[in-house]
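Observations on the model geometry
As a plain string of letters, each chain reads:
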Amino acid sequence: MNISSDGGNVPLLGNYRDTFTTAVTKNVIVVALCISINYINGTLVHTFRKHQIFTVNPRYILFIHLVINDIMQLALTCFLHVISYILYRINVSFCIFLLIFAVLTSFNTPVNLVVMAVECYIAICFPLRHGQICTVKKTYVLIGLIWMASGLSILPDVFILLATEPLQFFHSRVTCIRDYVFRSTYSLEKRDASHIIFLVLVWLILFYTYFRILFAAKEATADVKKARNTILLHGFQLMLCMLTYVQPMLIKLVRYLFPMQFLATHFTCYLIAEVLPRFLSPIVYGLRDKTFRTYLKRYLLCNMSIRNHPQNVTMSSTGPAAKRQ
């Protein structure tokens, strides 16, 4: 069984059960991917914090916020995935707490990507005003607004839940799925409608910024080409992130078309929709961006050097003391 980061889907329904070997294999794959991707993302965060050239640049601030959000989302979805096999049912109150953060981080990713695309558009189309529009202070305010907007997407469901469910429900145990917890008809209809509106707005903004950059200059300079490619990657990453919002419909379709392969197909969808987009963030900026790549290599190569030659580090750290003795 696995649970998406928005808590919307689970393949362990009815008679759908994984064998012990399959369950262990799936969990090992998920945990290994989670640790590997979060290690890379953690190195990106460390690189950002150590160099002022990044902390004063709104573009890198938005990027590192996306990375931190990816770390939180991937760790949470991995935890939900593993705990769904171990416990299956957990306390409703604890599940609500997990689902709130799952929805927040899931909502943050596409909004952050769109904001980064808009920043790229301003840098290319309004280079003289970019420094005035995109400041560090405004960037942090914008990040706060992103979290507020994410909160508005889930708080109405929480209020409806508190108003409609009896007190005993919050002390019961349930499979931690969003539709199993926020089961009000109004909540389900609101979720579907808000997802559709959200999808349309996000893609309209992304297409607008891309085509404005596309026609920003008659001669395709290196910066314009890089901006176009970056927004295309944002679009691909956004498309993968948006699978989270259409996953409930896809799961129903897959369950109808491939009832015998439902678990395997769902697990593949889970990896594509929840794990793969978290892997793209380091590629878009961590590896493609020349400045970030230069500083990032120092830490990665340093860690590899320490692992391969730990005795040299020990000798260098103890050498002067030995000489003094």
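Residues numbered from 1 in each chain as written. Predicted model: local features only at pLDDT ≥ 70, side-chain atom pairs only at ≥ 80, totals over all residues. Heavy atoms only, no water.

1. Thoughts on the overall build of the protein chain
Threshold: The helix count covers DSSP runs of H or I at least four residues long, the strand count covers runs of E at least two residues long, and both are numbered beginning at the N terminus. Here's how the labels work: a residue is buried when its accessible area is under 20% of the maximum for its type, exposed when over 50%, partly exposed in between, all with a 1.4 Å probe on protein chains only. In what follows, residue pairs with any heavy atoms lying within 4.5 Å of each other are defined as contacts. Every accessible area reported is derived by Shrake-Rupley at a probe size of 1.4 Å, with residue values counting cover from the shown protein chains alone.
Counting its regular elements, the protein chain contains 13 helices and two strands. Out of the 325 residues belonging to the protein chain, those deemed buried represent 46%. In the protein chain, the proportion of contacts linking residues at least 24 apart, taken out of those at least 6 apart, comes to 80%. In the form shown here, the protein chain has an accessible surface area of approximately 17,100 Å², with 69% of it arising from carbon and sulfur atoms.

2. Digging into the packing of helix H4 (residues 92-125) against helix H6 (residues 136-164)
Each pair of packed helices can be summarised by the angle the axes make with each other and by the distance between the axes. Selection rule: To get an axis, fit a line to the C-alpha atoms, keeping to the stretch in contact for a helix; angles then go from 0 to 180 degrees between the N-to-C directions. A crossing counts as left-handed when the near helix is turned anticlockwise from the far one by less than a right angle, and as right-handed when that turn is clockwise. Residue classes follow a fixed rule: Ala, Val, Leu, Ile, Met, Phe, Trp, Tyr, Cys and Pro count as nonpolar, while Asp, Glu, Lys and Arg count as charged, and any other residue, Gly among them, counts as polar.
With their axes 9 Å apart at the nearest point, H4 and H6 run at an angle of 140° to one another. H4 and H6 meet at a crossing whose hand is right-handed. Mapping the contact onto sequence places Ile-96, Ile-100, Val-103, Leu-104, Thr-105, Phe-107, Asn-108, Val-111, Asn-112 and Val-115 in H4 and Leu-142, Ile-146, Trp-147, Ala-149, Ser-150, Gly-151, Ser-153, Ile-154, Val-158 and Leu-161 in H6. Of the residues assigned to the contact of H4 with H6, the class counts are 14 nonpolar, six polar and no charged.

3. Things to note about the environment of Lys-252
For Lys-252, the position within the fold is in helix H10 (residues 222-257). For Lys-252 and Phe-262, which are ten residues apart along the polypeptide, the C-alpha to C-alpha distance reads 9.7 Å.

4. Describing unusual backbone geometry
The phi dihedral of Tyr-88 falls on the positive side, at around 65°, and the residue is not glycine. Its place among the elements puts Tyr-88 in the loop between helix H3 (58-86) and strand E1 (89-91). On the basis of relative accessibility, which here comes to 30%, the residue Tyr-88 falls in the partly exposed class.

5. Observations regarding the packing of aromatic side chains
Let me state the cut-off plainly: Planes of paired rings set the category: under 30 degrees apart is stacked, over 60 is edge-to-face and the rest tilted, where pairs are Phe, Tyr or Trp rings (Trp by its six-membered ring) whose centres lie within 6.5 Å.
Here the structure, examined in full by the defined rule, presents eleven aromatic pairs. The interplanar angle of 25° and the centroid separation of 4.5 Å between the aromatic rings of Phe-107 and Phe-198 together place this pair among those described as stacked. Of this pair, Phe-107 sits in helix H4 while Phe-198 sits in helix H9 (residues 185-214), placing them 91 residues apart in sequence. Arranged with centres 5.9 Å apart and planes meeting at 65°, the rings of Tyr-121 and Tyr-208 form a pair that is edge-to-face. One end of the pair, Tyr-121, is in helix H4; the other, Tyr-208, is in helix H9, and 87 residues separate them in sequence.

6. Overview of the environment of Val-30
Structurally, Val-30 is set in helix H1 (residues 20-50). Separated by 245 residues in sequence, Val-30 and Val-275 place their C-alpha atoms 8.3 Å apart.

7. Notes on the confidence of the model for the protein chain
As a reminder of what qualifies: The quantity known as pLDDT measures the predictor's confidence residue by residue, on a range of 0 to 100.
With 83% of its residues at a pLDDT of 70 or more, the protein chain shows a mean pLDDT of 79. When mean pLDDT is compared element by element in the protein chain, H6 scores highest at 92, while helix H13 (residues 310-324) scores lowest at 42. Counting contacts from residues 1-5, a segment whose pLDDT is below 50, to residues more than four positions away or on other chains yields 37 contacts. Counting contacts from residues 7-15, a segment whose pLDDT is below 50, to residues more than four positions away or on other chains yields 32 contacts.

8. As for H9
Where we set the bar: Helix span, as expected, comes to 1.5 Å for every residue beyond the first.
The terminal C-alpha atoms of H9 lie 44 Å apart, and with 30 residues this matches the ideal 44 Å at 1.5 Å per residue to within 8%. Within the span of H9, buried status applies to Ser-187, Lys-190, Arg-191, His-195, Phe-198, Leu-199, Val-202, Leu-206, Thr-209, Tyr-210 and Ile-213.

9. Structural notes on the pattern of salt bridges
Quick note on the threshold: Think of a salt bridge as a Lys or Arg side-chain nitrogen and an Asp or Glu carboxyl oxygen that are within 4 Å of each other.
In this structure the tally under the stated criterion is six salt bridges. Residue Lys-190 pairs with Asp-157 through a salt bridge whose shortest N-O separation is 3.6 Å. With Lys-190 in helix H9 and Asp-157 in helix H6, this residue pair connects regions lying 33 residues apart in the sequence. Several salt bridges share partner residues, and in doing so they unite Asp-157, Arg-178 and Lys-190 into one network.

10. What about a nonpolar patch on the surface?
Note the threshold: Residues forming no salt bridge and having over 30% relative accessible area are the ones grouped into patches, like charges within 9 Å of each other and nonpolar side chains (Val, Leu, Ile, Met, Phe, Trp, Tyr) within 5 Å.
A cluster of nonpolar residues, Ile-68, Met-72, Phe-79, Phe-94, Phe-97 and Phe-101, forms a patch on the protein surface that exposes about 520 Å² of accessible area. Elements that contribute at least two residues to the nonpolar patch include exactly H3 and H4. As for its placement among the helices and strands, Met-72 is situated in helix H3.

11. A look at the packing of H3 against H6
Filter applied, for reference: The scheme is simple: roughly parallel for angles under 35 degrees, roughly antiparallel for over 145, roughly perpendicular for 65 to 115, oblique for anything else.
Orientation of H3 relative to H6, taken along the N-to-C sense of each, is 30°, at an axis distance of 9 Å. The pairing of H3 with H6 is recorded here as roughly parallel in orientation. Like other packed secondary-structure pairs, H3 and H6 cross with a definite hand, here right-handed. Within the contact between the two elements, H3 uses Pro-58, Ile-61, Leu-62, His-65, Asn-69 and Met-72 and H6 uses Val-136, Thr-139, Tyr-140, Ile-143 and Trp-147. Its residues placed into classes, the contact of H3 with H6 shows eight nonpolar, three polar and no charged.

12. Considering the side chain of Asn-108
By the secondary structure assignment, Asn-108 is in helix H4. Setting aside its immediate chain neighbours within four residues, Asn-108 contacts Asn-69, Ile-146, Trp-147 and Ser-150.

13. Examining the environment of Ile-100
Structurally, the position occupied by Ile-100 is in helix H4. Counting along the chain gives 55 residues from Ile-100 to Leu-155, while the straight-line C-alpha distance between them is 8.3 Å. Once residues within four sequence positions are removed from consideration, Ile-100 is found in contact with Ile-154 and Val-158.

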